[in-house]
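# Understanding the architecture of this molecule
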Amino acid sequence: MKVIIGSEKEIAEKAAQQYVELLKRKPNAVLGGATGSTPIGLYKELARLNKEGVISFKDVKTFNLDEYVGLDGSHDQSYRYFMNENLFKHIDIDIKNTRVPDGINTAVAADYDKEIEAAGGVDLQVLGIGVDGHIGFDEPGTPLDSITHVVELEQNTREVNSRFFNSIDEVPTHAVTMGIKTIMHARSIILLAIGKSKAEIIKKTLQGPITTDVPASILQLHPDVTFYLDEEAASLL
Ligand code: GLP
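This part takes up the sheet that holds strand β4 (residues 66-68). The antiparallel open sheet is built from three strands, whose spatial order is β4-β8-β7. Each having just a single partner strand, β4 and β7 (149-152) make up the two edges of the open sheet. Shown here is a sheet whose adjacent strand axes are inclined to one another by a mean of 25°, direction ignored.

Right under this line is the structure:
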């Protein structure tokens, strides 16, 4: 487990270097994507590096962590829309090579793991973290052996995420998310956290017991995980 602390800009740049190293070594890498406000700086940096010709996504495949149930890709709060707007539009990726779990036809949720496997497995998965320690939408209590599945969102998660919607009533009650096992299968993982609101959960994640009560704490068991934290998120370590 590696921990890198810096300003928001520094951690985005350093995390992006992991992509540079990977894509130089493996131009057809499989990338795991995340949404939320935290990875936006990283995505901007990746777009910049792509524009400057340092990296190319031409042969890359992506699999996103999660999607709200009931929102299709044209909804401006769907995670498909988020990825198109914040990353895919700005890089040379073939959109056909990008996957986000299906929020409409949830019957196919478990097939997502098979698709990931068929693509060769995720080489580098980026994660944010919820204030309750969720990764993807794997809320506290999610079993270690879970694969991609439908979850009911915690009320607190809906409240936190309601900032992106007109009201909490519009926030979906369910989501499809990679499971803990799916996430832990990635060869390398990076978790980004920014701001004071994440300080307490970052302390529990890195220094607390490994428990399904804090889903992100399970990352302590992963052989290649790097935490990129700004000073505020790291302030209680
Ligand atoms: C959502 C996403 C998570 C993300 C979390 C934190 O719940 N499903 O993947 O990590 O939000 O979001 P933010 O980065 O905006 O704090």
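What follows continues from the structure just given.
Moving on, we come to the environment of H185. Within the secondary structure, H185 is located in the loop between α6 (180-184) and β9 (188-193). For H185, a relative accessible area of 60% translates into the label exposed. Residues H185 and K203, 18 residues apart in the sequence, show an inter-C-alpha distance of 24 Å.

Right, let's get into the site of the ligand. Surrounding the ligand, one finds 13 residues, the nearest of these being S37, T38, D66, H134 and K198. The contact in question runs from an oxygen atom of the ligand to an N or O atom on the side chain of S37, over 2.6 Å. Contact between the ligand and D66: a nitrogen atom at 2.8 Å from a side-chain N or O atom of the residue. Relative to its unbound accessible area of 390 Å², the ligand is 94% covered by the protein chains. When its residues are assigned to classes, the shell around the ligand shows three nonpolar, seven polar and three charged.

Rules and cut-offs
- Residues numbered from 1 in each chain as written.
- Predicted model: local features only at pLDDT ≥ 70, side-chain atom pairs only at ≥ 80, totals over all residues.
- Heavy atoms only, no water.
- Pairing = 2+ DSSP bridges.
- Helix = DSSP H or I, 4+ residues; strand = E, 2+ residues; numbered from the N terminus.
- Axes fitted to C-alpha atoms, helices over the stretch in contact; angles between N-to-C directions.
- Buried < 20%, exposed > 50% of the residue type's maximum accessible area, 1.4 Å probe, protein only.
- Near = heavy atom within 4 Å.
- Polar contact = N/O pair within 3.5 Å; in protein donor to acceptor, adjacent residues only side chain to side chain.
- Areas by Shrake-Rupley, 256 points an atom, 1.4 Å probe, with all protein chains shown as cover.
- Nonpolar A, V, L, I, M, F, W, Y, C, P; charged D, E, K, R; others polar.

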